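Descriptive analysis of the structure
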Amino acid sequence: MQKQHTVLCIQDLSCVGRCSLAVVLPALAAMGVQPCALPTALLSTHTGGLGRPARTDESGFISAALAHYAQLGLAFDCVYSGYLAGAAQVALVEQAFRQAPAALKLVDPVMADHGRPYASMTPEIRAAVAQLCGQADVIVPNATEAALLLEELPARHASLLLQRFPALRCAVVTGGALSDGQRGNVCAVRGRAPVFLPYSPVPQDYPGTGDLFAAVLTGGLLRGFSEAAAIRLAARFVALAAEQTLHAGADPRFGVRFEPL
């Protein structure tokens, strides 16, 4: 029987609005990968345009869950972290890394977009997330996050992230732009030249598309796709979902309608 890969998904659960675990879990499951949810925070909605959500910090739960997994001797094939509710949760992700030393370690450094950090992302948290990136195999920052990690160096130069974090195998910068305005994702794999993978954006922003991209990328890597092929797959899926949502005239605050796809 072929082995089914398992992914420990450490990020928030926004109960309304398609982002974070609400898109990551079904996307990975549809790819034949078993997702195991470990929420960093519970939110009534995501934070993009739906008012101030009710929320709880789940650090205590993560700590207890990791202790339980250690007792069970669970060996995850991938540890994938996304939004963290505070700097202290970086240590918990590091603990998960130590408990699964052979796992693919993928970090989505969720902390900024559209040229500025999120309001909740203090300098302390951003420094801790950068520390976590240094322990990952693959990171998937957007262009703003890449610029922060590189201390404002050109974000499209994904290869600079490999210099910044020597342990990295692959850095994917999403949503970058060339001087001619063409948008795309940049993939830098250690030992190879960076590759720019263009795409045609839709004229509407949607929450959760970065989470959906990272989930499909993770599933692709675990299924044996090359980095570039997994990126193309993820970008195409997100584009199809965005196009379908735009065509339907759906409220963009609730994310992309990926379920029919």
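Here is a short report on the structure shown in this document.

Cut-offs and rules
Residues numbered from 1 in each chain as written. Predicted model: local features only at pLDDT ≥ 70, side-chain atom pairs only at ≥ 80, totals over all residues. Heavy atoms only, no water. Helix = DSSP H or I, 4+ residues; strand = E, 2+ residues; numbered from the N terminus. Buried < 20%, exposed > 50% of the residue type's maximum accessible area, 1.4 Å probe, protein only. Contact = heavy atoms within 4.5 Å. Areas by Shrake-Rupley, 256 points an atom, 1.4 Å probe, with all protein chains shown as cover. Lys, Arg positive; Asp, Glu negative; His and termini not counted. Charge placed at Lys NZ, Arg CZ, Asp CG, Glu CD. 1 Å grid on protein atoms, 1.4 Å probe; cavity = no way out; pocket = protein on both sides within 12 Å on 5 of 7 lines; lining within 4 Å. Points joined across faces, edges and corners; volume = space filled by probe spheres on them. Nonpolar A, V, L, I, M, F, W, Y, C, P; charged D, E, K, R; others polar. Salt bridge = Lys/Arg side-chain N within 4 Å of Asp/Glu carboxyl O. Expected span 1.5 Å × (residues − 1). Arc of directions from axis to C-beta. Core = buried A, V, L, I, M, F, W, Y, C linked by side-chain atoms within 4.5 Å.

The next point concerns the overall build of the protein chain. Counting its regular elements, the protein chain contains 8 helices and 11 strands. Dimensions of the protein chain, computed from the C-alpha atoms along their principal axes, are close to 55 × 45 × 40 Å. Counting over 261 residues, the protein chain shows a buried share of 49%. For the protein chain, restricting intrachain contacts to residue pairs at least 6 apart in sequence, the fraction spanning at least 24 positions comes to 65%. As presented, the protein chain carries roughly 11,800 Å² of accessible surface, and 56% of it is formed by carbon and sulfur atoms. Charged side chains in the protein chain number 19 positive and 19 negative. The centres of these two groups are separated by 4 Å.

Our next topic: the layout of surface pockets. Approximately 1,700 Å³ is the volume found for the largest pocket. As for the largest pocket, its lining consists of 49 residues, and the residues nearest its centre are Asp-113, Tyr-206, Gly-208, Thr-209 and Gly-210. Residue contributions to the lining of the largest pocket peak at 5 residues, all from helix H7 (residues 209-222). Within the lining of the largest pocket, the residues separate by chemical class into 22 nonpolar, 17 polar and 10 charged. Its volume calculated, the second largest pocket comes out at about 190 Å³. Lining of the second largest pocket is provided by Pro-26, Ala-27, Ala-30, Met-31, Val-216, Leu-233, Phe-237, Phe-258, Glu-259 and Leu-261. Every element with two or more residues in the lining of the second largest pocket is listed here: helix H1 (21-30) and helix H8 (227-248).

Summed over the entire model, instances satisfying the criterion amount to 5 salt bridges. Across the pair Arg-18 and Glu-259 runs a salt bridge, and its minimum N-O distance is 2.8 Å. With a gap of 241 residues between them, Arg-18 in the loop between strand S1 (6-14) and H1 and Glu-259 in the segment after H8 connect regions that are remote in the sequence. When its relative accessible area of 22% is taken as the criterion, Arg-18 is described as partly exposed.

Between the first and last C-alpha of helix H2 (residues 59-72) there are 20 Å, a value that for 14 residues agrees with the 20 Å anticipated at 1.5 Å per step. Those residues of H2 lying buried are Ile-62, Ala-65, Leu-66 and Tyr-69. Burial along H2 is one-sided: seen end-on, the buried residues are contained in an arc of 100 degrees. The exposed residues of H2 that point more than 90 degrees off its buried face are Gly-60 and Gln-71. Buried residues belonging to H2 abut S1, strand S2 (34-43) and helix H3 (88-99).

The next subject is the nonpolar core. One recurring pattern in soluble globular proteins is that nonpolar side chains are buried together. Within the largest apolar cluster, 43 residues are counted, with the highest numbers of intra-cluster contacts made by Leu-8, Leu-38, Val-79, Ile-139, Leu-149, Leu-161 and Phe-165. With 6 residues, helix H4 (residues 123-133) is the largest single contributor of residues to this core. Those residues in contact with Val-79 that sit more than four places away from it in its chain are Leu-8, Ile-10, Ala-96, Phe-97, Ala-100, Ala-103, Leu-104, Lys-105 and Leu-106. Ranked by size, the runner-up nonpolar core spans 39 residues in total, among them Val-138, Cys-170, Val-172 and Tyr-206.

Since the α-helix turns once every 3.6 residues, residues separated by three or four places project in the same direction. The terminal C-alpha atoms of H3, which comprises 12 residues, lie 18 Å apart, in line with the 16 Å expected from a rise of 1.5 Å per residue. Every buried residue of H3 is accounted for by Gln-89, Val-90, Leu-92, Val-93, Glu-94, Ala-96 and Phe-97.

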